[in-house]
Amino acid sequence: MHDQQDQDQFVVPGAAGAEAVVFVCTACGAALTGPLTRLPSVPEAPYYAWWDADEPGPSPATVPSGCYAIETEPYGAPLAVAEVPGPVMPRHGEHWNVEGKPLVSQGPRGNIVINPDDARGLELRHASPACCGATPDGGMNQLCACGTLVATLCSDCCLPYELHLSADHVRAVRP
């Protein structure tokens, strides 16, 4: 688990986080994003009536291009049975197991949430099954060119369109 000190490693000095950072793989140093500026929090996912869409595809991005935010809630696998229904992950809605019991995320906190279109050089691996994109249910599913899993893509039509960089597998550097 990450505490506030871990999350502070991504706080950029300056007026309201106005300075940009680039996120790199901790294993090989490869740049995984271009310069991004920190938002004070993860925005709410935009409303998207995916069932009325002319063509299947991802929802509008939660985070604007050129920005990032720190996820303060658990996100991704493992999913655990809960006593009461609630969002399985932030902006993800309710989720149930095959026995009809509600699930919640016990995944990591402190992920760096970006617009998936701002990622560079990542390859999709072992995505959880979905009709037209990746889900975070199976855990990290984005591979750096060096072979390290570094992020979780959420891109299915009925879910928020966002990429969660793992705070344990990336670091911020000045461009």
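Residues numbered from 1 in each chain as written. Predicted model: local features only at pLDDT ≥ 70, side-chain atom pairs only at ≥ 80, totals over all residues. Heavy atoms only, no water.

### Considering the sheet that holds strand β2 (residues 36-38)
Spatially, nine strands are ordered β7-β8-β9-β10-β6-β3-β2-β1-β11 in an open sheet, and the strand pairing comes out mixed. Each of the sheet's edge strands pairs with one partner strand only, and the pair in question is β7 (123-124) and β11 (170-173). Both strand β8 (residues 142-143) and strand β9 (residues 149-154) contribute to a ladder of two bridges, which runs antiparallel. Residue pairing for β9: Gln 142 is matched across the bridge by Ala 151. (Pairing = 2+ DSSP bridges. Helix = DSSP H or I, 4+ residues; strand = E, 2+ residues; numbered from the N terminus.)

### Thoughts on the pattern of salt bridges
Overall, the coordinates contain five salt bridges when judged by the stated rule. Glu 19 is paired through a salt bridge with Arg 174; the nearest N and O atoms lie 3.5 Å apart. Taken together, the residues span a long stretch of sequence, with Glu 19 in the loop between α1 (4-8) and β1 (20-25) and Arg 174 in the segment after β11 at a distance of 155 residues. On the basis of relative accessible area, Glu 19 is assigned to the partly exposed category, the value being 35%. Across the salt bridge formed by Arg 109 and Glu 73, the nearest N and O atoms sit 4.0 Å from each other. Of this pair, Arg 109 sits in the loop between β5 (103-105) and β6 (112-114) while Glu 73 sits in the loop between β3 (67-70) and β4 (79-81), and the two are 36 residues apart along the sequence. By relative accessible area, which is 38% here, Glu 73 ends up partly exposed. (Salt bridge = Lys/Arg side-chain N within 4 Å of Asp/Glu carboxyl O. Buried < 20%, exposed > 50% of the residue type's maximum accessible area, 1.4 Å probe, protein only.)

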